[in-house]
There are 2 protein chains.
Amino acid sequence: MASLCAPENHSPVADAELMRQAVQGWGSDEKTIVNIIGRRNAVQRKLIRGAYEEIYQEDLVKRLESELSGDFEKAVYRWILDPADRNAVLANVAVTQSATDYRVIVELSCTHSSQELLAVKRAYQARYKHSLEEHLAAHTSGDLRKACNCTVRNIFYPHFLMTIEERLTFLKALFLLQLLVALVGIYRYDGNEIDAHLANSEANVLHNAIEEKVLNHDEIIRIVSTRSKAQLMATFNCYKDDYGTSITKHLVDDPPNQYLAAIRTAIRCINDPKKYYAKILRNALNKPVIEEDTLTRVIVTRAEKDLEDINELFYKRNSVSLDHAVSKDTRGNYKAFLLTLLGKEDLLM
Amino acid sequence: MASLCAPENHSPVADAELMRQAVQGWGSDEKTIVNIIGRRNAVQRKLIRGAYEEIYQEDLVKRLESELSGDFEKAVYRWILDPADRNAVLANVAVTQSATDYRVIVELSCTHSSQELLAVKRAYQARYKHSLEEHLAAHTSGDLRKACNCTVRNIFYPHFLMTIEERLTFLKALFLLQLLVALVGIYRYDGNEIDAHLANSEANVLHNAIEEKVLNHDEIIRIVSTRSKAQLMATFNCYKDDYGTSITKHLVDDPPNQYLAAIRTAIRCINDPKKYYAKILRNALNKPVIEEDTLTRVIVTRAEKDLEDINELFYKRNSVSLDHAVSKDTRGNYKAFLLTLLGKEDLLM
């Protein structure tokens, strides 16, 4: 269930006029901005942007960007966009920053349907005049690229071989790149058919690959990135039945590495996206300095979808509700905006 | 220009009735089948299939499959399907046969727009209840899979290292798999914008990678599989300007290998699909035993698109027209059908 409280009736023109008043003159009226934008669904926000542009010959999104600042501005900017366009922006930030944030890419590709992922890829192309796949491959951080090359070189010049630890690092970087490219590239089959025999045999393949440690992860990447979600859930269930524990528990970091974290994230996103989001919200809020980017991303992308359910799971696991945790750890307009999206603006009283 | 001659007016019901007469009783009337099916465009064929099913409660495609045989049956079956569905069938045959036919996969992903490729992937899922990417990855022939594993193992156990030749074979198999998966996965940007600076620098990257022989093909695969076609054509032109010859001439087989052939095919399909098709038709017809599968595939998939132009290029290069070459090297109903699709049934007189 969504957490957003949007009125059934609203006047895009009246909203646009109120927004104009809020952004005009010295300083801006953040309370009005939160009250309007934070209480409108995607269709309504689009109508407001359209009405605003028509009346004032100005792009509301750009105006808000220039008027607001900090985490509040980031949250408002991400929220006001169409969902596919917003995800395109999030993916672009993740891909072009100095170290690719694999979590955003994995979430994008594993919690959306094929149709939704396609809409994001189209929005990405409309916005950036390049494909997401292209940017993912081209912006791959120098380290990863170097790792791939070194891996290949090592086959030919064994005397260049480095220590086992260095080689492991290279290989994991290579696998991480393979995984991200495969996840974003796939137009996954969305059907519900399950092949029980295949689930059983691939649970076995996965187990053998994990037992061999990092030596044979091509099969893990192939299965996780190409099988349908229904089939994968059956496979992960077989794994649990046959080996007594979940596959993510077996994919432990020893020592911690991004590739294994990414594959665990993919499996969690496919298996139970709500539980996954509850978990990363918990992690983001439990840090000494909270991770605003993660907090914003999850609340903004899920408020219209299932944030109420995520809140419930969050409460079950943490004995404190998400809105209370947010209320405790954030402040100012940013706090007001997040609580409004959570449908809990009464906490502001 | 298309080669197909389809009448503007036709009655789907009358066509369906004639088809019924043609397939009923002992033996079938192939001449009528060729005359009707071979002279109807995709929309018209669909209407005939619909009318036939409604009147006779029978699937015309299945009936034709059971009545006809050999290359003629194969050609009629491929032709009668909707273009996206037909490409799904071609891709499935290519992927599931003992050794994946890389040419079909490369053609599919490099001669179609992103939108067309997506339609094929959707048709594939509707027909086979799995994604094309899934089958491509899962049916990858044992050799390729083994190659990937061995490559990885070699990094860890250098004492297992085999001869340089064996290692090269492994690496090429790995690159072929990477290339096919990347080409099928990409939702390529279709825009016409060109970044001249990037074209120049990536022509350089490609040249350096080729100079290093097989040691650094990740970059080649990344560029060819992710950049927009307009951008790639600019890059290939820079390459020619800077290094005096086309990139495909530099990507020579020494010794012959499937990976280099696949990357050359991709570059040709992107650069000039018509010229590419004229070339493979020439190769298919110039064999001691002609390659019917290739001949059928190209004629059936291009008859409604640009087969007339391909025929022109074919004539320029071979001093004999495609229809005369087909007329000389094929026989019977198969010959009559291909010539009809070529719009040259007068050669049958």
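**Concerning unusual backbone geometry**
Next up, step 1: Positive phi is not limited to glycine here, since K129(A) has a value of about 55°.
Next up, step 2: Checked against the element boundaries, K129(A) lands in the loop between α8 (114-128) and α9 (132-138).
Next up, step 3: You can call K129(A) partly exposed: its relative accessible area is 39%.
Next up, step 4: Positive phi values are uncommon outside glycine, yet Q57(B) reaches one of about 50°.
Next up, step 5: Take Q57(B): it is sitting in the loop between α3 (42-56) and α4 (60-67).

**Comments concerning the pattern of salt bridges**
Residue and element names in this part refer to chain B.
Next up, step 1: This model, assessed by the stated rule, comprises 46 salt bridges over all chains.
Next up, step 2: The partner of R49 in a salt bridge is D82, with the nearest N and O atoms 3.6 Å apart. Residue R49 is found in helix α3, and its partner D82 is found in the loop between α5 (70-80) and α6 (83-96); the two are separated by 33 residues along the sequence.
Next up, step 3: Of the residues examined, R49 reaches a relative accessible area of 17% and is grouped as buried.
Next up, step 4: Residue classification places D82 among the partly exposed residues on the basis of a relative accessible area of 22%.

**Some details on the packing of helix α3 (residues 42-56) of chain A against helix α4 (residues 60-67) of chain A**
All names here are of chain A.
Next up, step 1: Interhelical geometry of α3 versus α4 gives an angle of 90° and a closest axis separation of 9 Å. When the interaxial angle is binned, α3 and α4 end up roughly perpendicular. For the pair α3 and α4, contact is made by I48, R49 and Y52 and by L60, V61 and R63, respectively.
Next up, step 2: A per-class count over the contact of α3 with α4 returns four nonpolar, no polar and two charged.

Cut-off values and rules
- Residues numbered from 1 in each chain as written.
- Chains lettered and ligands numbered in written order.
- Predicted model: local features only at pLDDT ≥ 70, side-chain atom pairs only at ≥ 80, totals over all residues.
- Heavy atoms only, no water.
- Helix = DSSP H or I, 4+ residues; strand = E, 2+ residues; numbered from the N terminus.
- Buried < 20%, exposed > 50% of the residue type's maximum accessible area, 1.4 Å probe, protein only.
- Salt bridge = Lys/Arg side-chain N within 4 Å of Asp/Glu carboxyl O.
- Axes fitted to C-alpha atoms, helices over the stretch in contact; angles between N-to-C directions.
- Parallel < 35°, antiparallel > 145°, perpendicular 65-115°, else oblique.
- Contact = heavy atoms within 4.5 Å.
- Nonpolar A, V, L, I, M, F, W, Y, C, P; charged D, E, K, R; others polar.

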